[in-house]
Structures are given as structure tokens and as C-alpha cells.
Amino acid sequence: MVGTFIFHLIFGLVLFNVLLGIVAYLILLERKTAAWIQDRIGPNRVGPKGLMQPLADGVKFILKEEFMPANADRWLFYLAPIVIITPALCGFAVIPWGGVLAAGTRLPEWLPWIGGWAFPHNVPVMLANPQVGVLVVIAIAGLSIYGVVLAGWASGSKYSFLGGMRAAAQMISYEIPLILSLLSVAVVAGTMRLGTIAQDQVGYFSTVFVLPQWNIFIQPLAFILFVTCIFAEANRTPFDLAECESELVGGYHTEYSSMKFAMFFLAEYSAMITGAAVAVALFLGGWHLPWLDKLLYGGAQPMSTGWAGMFLKLVVFGAKVILFLFFYMWVRWTLPRFRFDQLMNLAWRSLIPLSLGTFLMAGIFVYLRQEGIIEHRGWLLLGNILLVLGALVVGRWLPSTPTNQRVPVAGSRYNKWPGVSSTGNA
Amino acid sequence: MAEDVNTSLLGLLPEIILLCTAAVVLLMGLARRDVLRRLTQWTAVIGVIVAFVAAYSNDVQSHTTALGTFLTLLTCGIGLLLLFSAWEMPFAMDPAHTDRHYRGEFFAMLLCSLAGVSMMAKVNNLIWLFLALELVSIPTYIVVATGRGQSEAQEAGIKYFFLGALSAAIYLFGFSYLYGFSGSTQFSAITAVFQSDISRHQLPWMAILGLLLVLLGISYKIAAVPLHFYAADVYQGAATPVTAFLSFAPKAAGFVAIILLLGLTGWHFSSGPDVTIPALLTVMAVLTMTIGNVLALLQRNIKRMFAYSSIAHSGYILAALVAGPALVAGGGWAHDGVAAALFYLAAYSLMTVGAFAALIYMQGKADGAEDIDDIAGISSEHPMTAACMAICLLSLIGMPGTIGFLGKLFIVQADLSTGHWILAVFVVVNAAIAAAYYLRIIAAMYVREPWTPSHVRTTLAPRFAAALCAAMVIGFGLAPSRLLSDIRHAADYMAGSSGTVRLTVFKGRAKITSHFPTGSFGRGRRSSLLTDPLAGYARRSRLAGDQNSCVVKHEFIFARPLKKDTAWSTARLLPPSPVLERNPAVVALRMSARLIVR
Amino acid sequence: MDYALAVATALGALSIYLLLPRGRGSLVKTGALVGVLTLGAAMLYLLRWAGLQEGVSQGAGLNVFFCLFALIAVISATAVICHPRPLYCALYFVLLTLALAGLFILLFAQFMAIVLIIIYAGAILVTYVFVIMLASPGGNVTVADYDRVTTNPLLAVLVSFVLLGTVLQLMFIGKPRAFMAARPAGPVAVGMAMGHKILAGKPALADPKPTSKMGVMELLGVNLYSQYALPLELAGILLTISLVGAVMIARKNEPAAGVLGTGQMPTE
């Protein structure tokens with residue numbers, strides 16, 4: 001017990017610091033990516049190739065003036081950055097970074113004090129693997145709304161307030177398909193432990209057709225839904241209406257400066273990492289190194305490995321996360337922003353029905369598997385494809401969304417009925 | 001486990017029919033064709049009738065208790081009358097608009113609420129009980145708020161909803177204590193725990209606290225004293241057919257819930273050492289009937305008057321419940337307070353729905369006559385309806401020859417024979433007070449000259465409902481034997497059965513043989529055994545028996561292996577004191593299972 | 001009757017009464033002082049009680065996490081009803097929810113804890129906060145009197161604390177066995193027994209029982225779809241009805257139809 005605790009303590013400390021470091025360099029990566037996509041050079045002054053830029057940014061943040069608007073709510077203004085950063089960091093705890101460590105190493109006898117101490121067997125390389133792991137992710141996503149809303153309201157500024165309200169509405173709407181797509185994965189895996197779900201994907205479709213049986217290939221629709229929703233949850237483009245510069249200056253963090261602003265930055269990128277890590281663990285096979293594991297292990301990658309295996313897993317997992325983060329940035333600098341009604345329509349009229357459909361499919365699959373009628377997971381892939389086709393067919397019959405509607409508000413220039421507002425009251 | 005669900009589902013067939021009808025009605029109200037929309041009411045009526053018929057079938061009855069069947073039949077019967085009296089209701093909701101929007105929703109809400117009342121006696125755990133109570137209440141909140149296009153209705157709806165939510169919180173709080181005290185939400189487990197505590201001659205404090213909170217919370221549903229004050233405003237504000245509905249559905253549900261929950265204690269309080277609950281019930285009963293009647297005297301608005309009279313009648317029923325069931329009191333039919341309560345509930349529903357139907361027919365300013373002037377001198381123009389109304393009112397007073405007289409008689413009898421003479425005196429005195437305001441309405445109809453030109457509805461339905469009610473009030477008043485026997489069996493179940501259960505264990509299998517006297521409903525088949533993972537599941541059940549008794553043989557497989565030394569142990573397992581349980585066999589089984597596994 | 005407990009309850013009542021927001025002559029500081037005293041006394045009482053339960057020789061104390069979560073819960077619950085500004089009340093409610101989730105985790109009800117956070121903090125209270133913010137935008141805007149001043153503080157405090165006092169007295173008279181009747185180990189009984197252990201500072205983890213092979217989620221699923229299958233369905237029906245009812249109540253009867261030209265039925 002004590003050994004496990006010490007391992008987790010050290011692992012947690014290392015993880016936390018590494019991730020915070022990664023966050024700093026993510027910002028550099030983001031700027032470099034933007035520059036690359038826009039055919040610019042990007043930051044290149046500080047250090048070799050601009051590699052010290054994050055340090056300069058940090059110093060800049062610390063040296064800036066702390067500012068608070070006159071009619072801000074003092075307490076909440078201070079509280080908001082804290083509230084926003086906490087859930088973003090809490091998410092790291094349940095991510096299965098590296099399987100189970102089954103080293104059982106015994107320290108050499110000649111070491112002082114700790115000589116001869118045996119390292120515990122079978123330690124999960126994650127901070128916590130609770131039975132309700134997936135639900136923890138959902139709960140954290142739910143709590144992350146508060147920081148944004150509070151920041152928007154406490155600033156006492158119209159831009160901030162609108163940004164906060166937009167963010168809250170958006171996050172509440174997108175939480176539903178997020179939860180449903182997570183659940184359809186959990187239902188198929190038969191567990192809510194993230195570690196078990198990750199290990200569940202280690203393997204291949206068949207001996208001939210060597211596609212890894214990752215959930216992205218089994219439930220592609222759920223993956224697409226999930227990715228869309230974490231983009232929205234992280235307030236990233238194309239869903240960054242809460243902070244869109246062209247309308248709301250900076251959105252909910254307009255009035256923040258210095259380290260408080262840095263907290264918002266940090267929270268955004270931490271949330272991105274958490275989202276990417278959850279996506280990797282649940283959909284992209286976790287630590288599974290496709291194809292090569294056959295060479296290394298002669299079969300599927302086992303759950304418990306020694307030190308070398310653990311580091312391999314950590315590297316694979318980390319690489320997938322970084323790739324996914326690059327995907328985040330790629331999208332950000334490629335896609336334009338939605339309009340607010342489009343955003344809401346997308347959530348309520350497309351994503352939620354579709355995610356209900358995927359959940360239903362997963363349920364049907366699990367039932368049939370339990371009854372012994374079907375065994376192979378490929379059937380679920382077929383179900384997902386059928387669902388997409390069905391949605392396309394049904395979509396033709398649904399009434400179309402009124403786009404770009406001119407709402408006849410009383411007194412506006414679109415109002416053809418003078419004195420009658422859109423709500424029908426004279 | 002699967003057997004368990006299927007078993008319960010068959011017993012719930014009438015409720016399922018009602019809910020399905022509600023869904024169909026909901027959709028029909030939205031239909032594009034006017035023809036379909038006109039059929040909405042008829043569909044609702046047919047659904048209720050089918051549910052009524054289903055409740056009569058043997059298969060359904062063998063999977064539920066006599067009380068469950070009785071309540072379902074009562075609900076469907078009264079529900080039919082309520083549907084008739086609400087026939088034109090959606091047309092009247094908003095005079096500027098011909099219905100079109102609300103018909104489907106309105107009747108669907110009524111049907112859902114009826115389904116809730118109907119399943120009330122079939123529940124077997126606290127969560128289900130809570131949900132059933134809410135299923136009764138939530139549709140009523142909605143129809144109260146939307147029933148009329150006037151601000152009074154919205155005010156009434158808001159009041160009703162918020163106070164209802166408060167009361168739900170109170171009884172849910174009580175449930176949590178019952179759960180905490182017993183460690184289970186299942187009635188059978190709670191009963192078993194009570195049983196073991198009662199044998200030590202005291203109820204645990206936590207259970208008493210829970211029961212007190214539950215009783216206080218549910219007193220809202222039945223409009224009894226601590227939470228009665230909403231009644232007048234809500235009854236007045238709601239549309240008259242909705243008011244009629246309110247005087248039946250929540251009340252019936254609330255009383256059955258009280259009966260079930262007091263049943264959990266085995267009714268031991270009424271003769272046991274602990275006086276908290278009987279004292280509370282007595283005080284509630286006395287205050288409820290007195291306050292209701294005295295305040296009713298002061299009203300001019302007929303709907304307000306009926307609200308207070310409804311409070312008063314709740315007091316009478318509470319007075320009956322204090323007496324407890326017959327078996328505990330150790331006497332026969334005359335001692336049976338539960339039967340008296342159930343009888344009075346049925347009687348009151350008939351009388352009050354009849355009176356409201358007549359009021360709806362005699363259309364006043366809005367959707368029903370409201371002020372006492374609205375019905376002044378109406379007997380000359382509409383003698384039939386006035387007569388129906390008068391009959392119902394006389395029955396509410398308790399005139400001999402009507403069902404109301406019998407109801408009060410049974411209550412007084414039960415109270416006197418169990419030694420609660422104070423309550424009996426209060427019932428009698430209050431009946432006398434109540435006569436004053438009921439007679440005032442009758443006098444207005446028959447003696448006074450018409451005050452305003454009378455309007456009546458052209459539809460036949462409310463009039464038909466009123467006539468039916470009046471006929472039944474007289475009919476059951478003169479020949480109550482059938483109703484009485486049914487109610488007696490229903491109440492008999494509540495008292496617990498005096499049958500025996502025999503358990504035989506052999507090599508991990510147990511056979512249970514039980515003998516029970518039967519009621520007229522079940523035709524001797526109280527065979528449904530609700531099992532749980534501890535007890536194992538019924539592998540095979542066999543039934544035998546005749547009209548008067550039955551033998552049920554169950555073969556059980558236990559989840560855990562039984563010990564060898566208990567093989568072939570046979571015991572009489574039903575304890576000498578009556579157990580109050582959905583099915584005595586279950587209690588016996590659980591107790592035995594516990595014995596054996598130890 | 002346990003007089004120490006009665007005094008503590010009375011002190012708590014006094015402090016809540018003083019803390020409840022009122023128009024003028026606010027006595028918040030006095031109330032807070034009394035409240036802190038009460039909490040301290042309650043903690044001391046619990047310590048003594050826990051010691052009595054386990055026997056003094058073992059030198060048992062209270063579980064640190066229990067104390068922490070309980071203190072946060074009590075303080076934030078007080079703030080929920082006593083804070084003069086609605087938004088703060090809602091936020092304290094969030095805090096209360098989190099503290100309760102912590103207590104649930106101590107009782108090994110992980111699912112309950114997380115679902116409490118998801119549903120209360122993540123859904124219901126966000127809506128509350130949203131509505132409150134929309135109703136009172138901006139930073140330091142004064143709230144209307146009817147939102148700020150408690151109606152009938154004395155009555156409310158009396159009723160709630162009489163109830164609380166009764167419950168507490170019943171709970172702490174004698175042993176927990178008298179509080180709960182003797183019964184077989186259902187899930188709650190086990191939970192409560194563990195709770196008592198946790199209260200007494202014993203490691204509940206070391207307890208080899210009560211779980212079988214099934215985890216929390218599996219047990220919950222099996223229970224929901226066997227014993228509670230019908231209530232579950234009933235809850236679904238109830239929600240559907242509420243939804244229909246909400247639409248029914250929210251729908252307006254628009255006399256001037258056709259402005260937006262959508263959703264209108266053809267006239268008969």
C-alpha cells in the first residue's frame with residue numbers, strides 16, 4: 001500500500017509538472033501552427049527558433065498590471081480563475097497514462113535506509129482508476145462551466161457577461177451528446193474504468209484484416225460526436241463564440257489581465273490536454289502501439305508490463321495525445337466560427353439525436369452479444385454506418401432549419417407588421 | 001428476476017392500458033383531421049372501460065391484492081364519471097379559441113393521473129410509492145394551471161404546484177427516515193423490521209419520526225389539517241371539472257398511501273404501547289373535520305364551500321383510520337376502520353363527483369356554476385339535474401337511505417367499538433354542522449326565485465354523469481352488500497391474512513405451502529410471490545383450492561446453498577401476530593431464509 | 001435527553017437566526033461568532049461520542065476527511081440560506097454539493113457522489129446560476145428587498161431546529177444500535193456501519209466485506225433493472241408528462257397569429 005502511494009505521489013508530481021510544461025509549449029506550438037497554416041514564420045526571436053518564447057510569455061504575464069474594473073464583483077472576480085483552473089487540472093487524475101506496472105523490482109541491498117525494499121507489484125500507472133471513471137470525466141466537464149460563467153458575470157462588463165452566458169449555454173448543450181457518446185463506449189466495454197476501456201481496445205479486427213480494434217474504428221460516429229463536443233466544451237474554434245474577438249473583444253476574460261488571465265490560458269490548454277487524453281484513452285486505443293506490438297510482444301500488448309513496457313506505453317500515449325492536440329490547432333486555424341443559432345441547432349437538432357442513436361446502437365449490440373447472437377465488434381461498425389445512412393435519409397424528411405431568419409422585432413426595419421413584435425404581443 | 005417483473009406487469013395491466021390510452025389520446029389531440037380530434041374523448045372513455053374490464057379478469061387479479069383490485073375498479077369507475085363531467089372542458093378553457101390545442105393533452109393528463117391512483121395499492125416499495133404519488137399529482141398541477149384561460153387558474157396552479165412540491169419534500173424526507181431505519185425500501189423488508197421491533201413492544205424512534213413526516217406530507221394530498229389551507233383557493237381557481245378531479249384523485253391516492261404505510265407497522269399502534277401515531281391521527285381528524293365544516297359555513301362560492309367540505313370529509317376518513325383494521329381490534333366487520341375508510345372514500349367520490357357534474361351542467365358565468373346565486377331557483381327549469389344535485393348533497397349530509405349515511409354509520413361504529421368515542425362524537429356533531437351549508441344549497445335550488453337567467457350546457461355528458469352518480473348514491477345506499485363485500489375483502493388483506501405457511505427444506509430446495517382464506521376478487525389465488533436475490537426465485541408454483549381457501553405450493557431455489565443440518569426442517573413460520581404484507585408468504589419466506597442461511 | 005446536544009442545537013438556532021438576512025440592524029458578526037462556537041462544540045461532542053463508541057483505550061479519533069467535508073457542508077449550507085445575495089447562495093449550494101459528494105465517497109457510494117456532482121452541480125445549479133445572473137446582471141447591483149430580507153425568520157428557525165434537535169437527540173441517545181433497529185445487513189446498514197467506523201477513525205477499507213465480486217456500477221445496474229425496473233419506467237413516464245405539461249403551460253394563446261409564420265395549425 002505504502003509503495004503504491006509513494007509511486008503515485010512521485011508519478012503525480014512528475015506528471016503535473018510535465019503537463020504544465022507541455023501547456024507552455026502548446027502555446028508556442030499553436031502559434032507556430034498558425035504561422036505555418038497562414039504561411040508566416042511565427043515567433044522566432046527568443047532563443048533558438050523561438051524556443052524560449054514560452055518563458056518570455058511567462059515573464060510578460062507576471063510583469064503586467066493587475067487590473068480590476070470598478071464595478072466588478074470583487075470576490076467572484078478573484079474566484080473565477082481558481083474555479084476555472086481546478087477542474088481542468090483534476091481531469092488528469094483519471095487518465096490511464098501507462099497501463100499497469102508489474103515490475104516488482106527490488107532495490108539493491110547496499111542502499112542506505114531503503115535498501116532491499118521491493119517495489120509493489122501491479123501498480124496502475126494512473127493517479128486513480130475509480131469504478132466510475134467515465135463519470136468523473138463527465139462531472140469535471142460539468143464543473144468547468146462555473147469558471148467561465150463567474151468570470152463573465154463578475155467582471156461587470158457587457159462583453160464579459162455576454163461571453164459568459166454564451167459559454168454556459170453552449171457547454172450545457174454540448175454536454176448531453178458528450179455524455180451519450182462516452183456512455184456508448186462504456187456500454188460496449190462493460191465498464192466505466194478508463195484503464196480497462198483502454199486495454200479493451202488492444203487487439204485487431206481479425207487476423208487477416210489487421211485494423212486495430214480501437215473504438216474509433218468500431219464506433220466512428222461516437223468518435224466524431226465526441227470530438228465535436230470536446231471542441232465545444234473547450235470553447236475552441238469553430239465553437240469559440242464565448243470569446244470571439246470580432247464581437248466580444250475577449251469574451252468572458254476581457255477584463256482579466258496578468259496572471260489571472262494566464263490562469264484562463266492555462267485552463268484552456270489543460271482542458272485541451274484532458275480532452276485529448278480522454279479521446280486517446282477511449283477511442284484511439286490508449287497505449288496500444290498498432291502492428292509493432294506484434295513484433296515486440298508476439299501478440300497483443302498486455303495490460304501489465306515492466307518498466308520498459310511502461311515507458312513505451314507512456315510514449316505511445318503521449319504521442320497520440322500530441323497528435324490529437326495538433327488536430328485541435330489544425331481545426332482552429334482552418335475552420336471559420338459558427339453563428340450562435342447554428343451552434344445551438346447543431347447541438348440540439350443533430351448531435352443529440354445522433355448520439356441517442358449511437359447509444360441505442362451500442363445497447364442493441366451489447367444485448368445481442370449477451371444473447372450470443374453476434375460476437376464480432378465489426379457489427380457495431382456496421383450499425384454505425386447504418387445509423388449515418390439512416391440519418392441522411394431521415395434528414396431529408398425533416399423540416400429544414402430556418403437559416404438567417406429575419407426576426408420581426410417590434411420597431412426593427414425587418415418588421416412588416418408595425419407594432420407587432422416577434423412574441424405576438426401588440 | 002424476469003418472472004418477478006412479468007408477474008408484476010400482469011397485475012398492472014389496467015394501469016398499462018390507461019397509460020397507453022393516454023399516449024394515444026395525446027397524439028389524437030394533435031391529429032390533423034378534425035374527425036380524429038373529435039374522437040379524443042371517446043378514446044379516453046373506451047380506454048377507461050377496457051381498464052375496468054381488465055381489472056375484473058382473473059389473471060390480473062391473481063397477480064395483485066384485493067385492495068389493488070378494489071382501488072383499480074374504483075378509480076376506473078369514478079374516472080369514467082369524471083371524464084363525462086369533463087366532456088366539454090377543453091372547449092370552455094378559452095372562450096376566444098375553440099379547443100383545438102388542449103383536448104388531447106387535457107384528457108391524457110387525466111388518464112395518467114388516474115393510472116397513478118389505480119396503481120397506488122399495487123406498489124411494493126417506497127420509491128415506487130413516491131413515484132406513483134407524483135404520477136397522480138403532477139398532471140393535476142398542469143390541468144389546474146392550464147384548465148382556464150384566466151389568471152385565477154394560473155394563481156391556483158402556482159399555489160398548488162409549489163405547496164405540492166413542499167409536501168412532496170416533507171414526505172420524501174419521511175421516506176428517507178423509514179429507509180434509514182429499516183435499511184430497505186421494500187415494504188416486505190420494512191414490515192419485517194417493524195415486526196421484530198414490535199415484538200419488543202416499542203417502535204423505534206426513527207420509524208415514528210419517519211411516519212410522522214410522511215403523514216404530515218401526505219396530509220396535503222388529502223387536504224387534511226396541517227396542509228389544508230391551499231384547498232379553497234385551488235378548488236375555486238381551477239376549472240370546475242378539474243376541481244371535481246381534484247376532489248377524487250389526490251385524495252384517494254393519499255388515503256391509500258396512508259393505509260399502506262400504516263400497514264407497514266402492522267397497525268400495532270392502535271393497541272400497542274406507543275401512542276404517538278394514533279394521537280397524531282386523532283388530532284388531525286378532529287381538527288380537519290371541525291375546521292373544514294366551520295369554514296364551509298362561511299362561504300358563498302359553491303366551489304370554495306366544496307373545498308372546505310372536502311377537507312371535512314377527509315377528517316371523517318381519518319377518524320375511520322384511527323380505528324385500524326378489524327383483525328387487530330380483534331373483532332369482526334363492525335370494528336373494521338380500514339373498511340369503513342375505504343367505503344367512505346368510495347361513497348364520498350360518488351357524491352362529490354355527482355354534485356360537481358350537476359354544477360358543470362348548470363353553467364354559470366364560466367365553466368360551471370360558482371356563486372350560490374347562479375343556481376338559485378334552478379329546480380323549476382331543470383328538475384332532473386336539481387334532483388341529482390340534491391340527492392348527492394343529501395348523501396353528503398348523511399341522510400338515511402343514501403350511501404353517505406352508511407359511510408358515516410360505519411365510521412362511527414368502528415370508532416365506538418374500538419373505544420375512540422371522542423372521535424365518534426366529533427363525527428356526529430360535525431355531520432350536523434355540515435347539514436347547514438349543504439341544505440343552504442338545496443334551499444337555494446328549490447325555494448329561491450331565479451336570480452340570473454340560467455345557462456346550461458347542451459352536451460348530455462355532465463348530466464349523464466350526475467344522474468349516474470345520483471342513481472348509484474341511492475342504489476348503493478339501499479343495497480350496499482356487493483360493494484361492502486368487496487371492500488371488506490380489500491380491507492381484510494390490509495389486516496394481514498390469518499393463513500399458515502409451511503416451509504420444507506430439502507437439499508437446497510425449499511417448498512412452501514400456504515393456506516389462505518380468500519376474497520371474492522382473487523378466486524383464491526394469492527400466489528404471486530415477490531422474490532429477491534437473497535431468497536432465490538420461485539421455480540415452480542402450483543395452485544389448488546376452491547372458492548373459500550387455497551393452497552399454494554412453491555418450490556424455491558435459494559441463491560446460497562443451504563446448510564445440511566437444516567434439511568427436512570419443517571416449521572410453522574407465520575408468526576402468531578398478524579403480519580401486514582403484500583403477501584404473507586413473502587415475509588415468511590424471508591424470515592425462513594434468514595433462519596436457514598444462518 | 002442529552003443536554004450538551006440540546007444546548008448546541010439551541011446555539012445553532014440562535015446563530016442561524018442572527019445570520020439570516022434582514023433589512024437593517026444586521027447582527028451577522030454576532031451570529032457568525034455563535035455559529036463558530038456551535039460548530040466547535042459540535043465537533044468536540046462528536047469527538048467524545050466517537051471515543052465512547054470505540055472505547056477510550058483505543059484512543060480513537062474522528063476521521064479527518066469526515067470532519068473536513070462535514071465542516072464545509074455545514075458552513076456552506078448555512079451560507080446558502082443566510083447569504084443576502086442570491087448568486088452567492090447558488091454558489092454555496094455548489095460547494096455544499098461537492099462536500100456532500102465527498103461524504104458519499106467516504107461511505108463508498110462513488111456512483112452517488114459523482115452523479116450528485118453531475119446532476120446538481122453540473123446541471124441544476126448551472127441553470128440556477130444562469131437564471132440568477134440573467135435576472136440581476138452586472139457586478140454590485142443592489143438586490144430588491146423581497147429577495148434580501150427573510151420573511152418569518154423566527155418561525156422558520158424554530159420549526160427547523162426543533163426538527164433537527166429531535167433527530168439529533170434520537171440519534172445520539174445511547175448506541176447507534178438503538179438508533180437503527182437490529183437488522184440484517186442491507187446495503188444501507190453496511191454503509192452506516194462503515195460510516196460509524198469512519199467516524200471513529202478506523203480504516204473502513206480494511207473491512208473485507210460487504211461487496212461481492214460486483215462493483216458499484218454493476219450492482220446498481222442489476223438493481224435498477226430487476227427490483228426497481230417498474231419504478232424506473234414510471235419515472236420515465238413521469239418525466240414525459242412533466243415535459244408535455246411544461247410545453248402546455250409555456251405555450252401562449254396568440255391572438256395575432258402568423259407573424260413568424262410557423263407552427264400554426266390550419267384553421268377549421
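Scroll up a little and you will see the structure.
So, here is what we can say about the structure in this document.

Parameters at a glance
- Residues numbered from 1 in each chain as written.
- Chains lettered and ligands numbered in written order.
- Predicted model: local features only at pLDDT ≥ 70, side-chain atom pairs only at ≥ 80, totals over all residues.
- Heavy atoms only, no water.
- 1 Å grid on protein atoms, 1.4 Å probe; cavity = no way out; pocket = protein on both sides within 12 Å on 5 of 7 lines; lining within 4 Å.
- Points joined across faces, edges and corners; volume = space filled by probe spheres on them.
- Helix = DSSP H or I, 4+ residues; strand = E, 2+ residues; numbered from the N terminus.
- Nonpolar A, V, L, I, M, F, W, Y, C, P; charged D, E, K, R; others polar.
- Polar contact = N/O pair within 3.5 Å; in protein donor to acceptor, adjacent residues only side chain to side chain.
- Contact = heavy atoms within 4.5 Å.
- Expected span 1.5 Å × (residues − 1).
- Bend = angle between axes of the 7 residues up to and from the residue.
- Buried < 20%, exposed > 50% of the residue type's maximum accessible area, 1.4 Å probe, protein only.
- Pairing = 2+ DSSP bridges.
- Salt bridge = Lys/Arg side-chain N within 4 Å of Asp/Glu carboxyl O.
- Axes fitted to C-alpha atoms, helices over the stretch in contact; angles between N-to-C directions.
- Parallel < 35°, antiparallel > 145°, perpendicular 65-115°, else oblique.
- Left-handed = near helix turned anticlockwise from the far one by under 90°.

Our next topic: empty space enclosed by the protein. All names here are of chain A. Under the criterion given, the structure shown has ten cavities of 30 Å³ or more. Taken together, 28 residues line the largest cavity, and the ones lying closest to its centre are Ala-141, Ser-144, Glu-233, Ala-234 and Ala-271. For the lining of the largest cavity, the elements supplying multiple residues, two or more each, are helix 3 (74-90), helix 4 (133-154), helix 5 (158-189), helix 8 (220-233) and helix 10 (258-282). The element that contributes the greatest number of residues to the lining of the largest cavity is helix 10, accounting for seven residues. Split into classes, the residues belonging to the lining of the largest cavity amount to 20 nonpolar, five polar and three charged.

What follows concerns the side chain of B:Ser247. Residue and element names in this part refer to chain B. Residue position: Ser-247 is located in helix 14 (residues 240-264). Here Ala-244 takes part through its backbone oxygen, which lies 2.7 Å from a polar atom of the side chain of Ser-247. In this structure Ser-247 touches Tyr-235, Tyr-348, Thr-352 and Phe-356, once residues within four positions along its chain are discounted.

Our focus in this paragraph is the environment of C:Leu5. Topologically, C:Leu5 is positioned in helix 1 (residues 3-19). Considered as a pair, C:Leu5 and C:Gly165 are 160 residues apart in the sequence and their alpha carbons are 8.0 Å apart.

Moving on, we get to unusual backbone geometry. Excluding glycine, residues mostly carry a negative phi; peptide bonds, for their part, are mostly trans. Of note in this structure, A:Lys49 is not a glycine but carries a positive phi near 55 degrees. Relative to the helices and strands, A:Lys49 resides in the loop between helix 1 (2-37) and helix 2 (53-63). A positive phi angle, near 55 degrees, is found at B:Ala223, a position not held by glycine. Within the secondary structure, B:Ala223 sits in the loop between helix 12 (205-218) and helix 13 (231-237).

So, on to helix 13 (residues 340-370) of chain A. Residues and elements named next belong to chain A. If you check helix 13, its first and last C-alpha atoms are 43 Å apart, about what 31 residues at 1.5 Å a residue would give, namely 45 Å. For helix 13, the principal kink sits at Leu-351 and spans about 35 degrees; a proline, Pro-353, occurs within the next four residues. Taken residue by residue, helix 13 has Leu-343, Met-344, Ala-347, Leu-351, Ile-352, Ser-355, Gly-357, Thr-358, Ala-362, Phe-365 and Val-366 as its buried positions. Residues of helix 13 that are buried in the fold lie against helix 5, helix 8 and helix 14 (378-397). A positive backbone phi angle near 80 degrees is found at Gly-372, which sits one or two residues after helix 13.

All names here are of chain A. The strand order across the open sheet built from three strands is 2-1-3, with neighbouring strands paired in mixed fashion. Single-partner strands in this sheet number two, and they are strand 2 (123-124) and strand 3 (304-305). The pairing of strand 1 (residues 100-101) with strand 2 spans two bridges and is classified as antiparallel. Paired with Val-100 across the strands is Pro-124, a residue of strand 2.

The next thing to look at is the pattern of salt bridges. Residue and element names in this part refer to chain A. Under the defined criterion, the tally for this structure stands at eleven salt bridges over all chains. Among the ionic pairs, Arg-377 bridges to Asp-200, the shortest N-O distance being 3.1 Å. Of this pair, Arg-377 sits in the loop between helix 13 and helix 14 while Asp-200 sits in helix 6 (residues 194-200), placing them 177 residues apart in sequence. Residues joined by salt bridges that share partners form a network here, namely Glu-30, Arg-236, Glu-268 and Arg-332.

Here we come to the packing of helix 8 (residues 103-119) of chain B against helix 14 of chain B. Residues and elements named next belong to chain B. Between helix 8 and helix 14, the least distance of the axes is 9 Å, while the angle of their chain directions is 25 degrees. Relative to helix 14, the element helix 8 lies roughly parallel. In this structure, helix 8 meets helix 14 at a crossing whose hand is left-handed. Residue-level contacts link Phe-106, Leu-110, Ser-113, Leu-114 and Val-117 of helix 8 to Val-242, Phe-245, Phe-248, Ala-249, Ala-252 and Ala-253 of helix 14.

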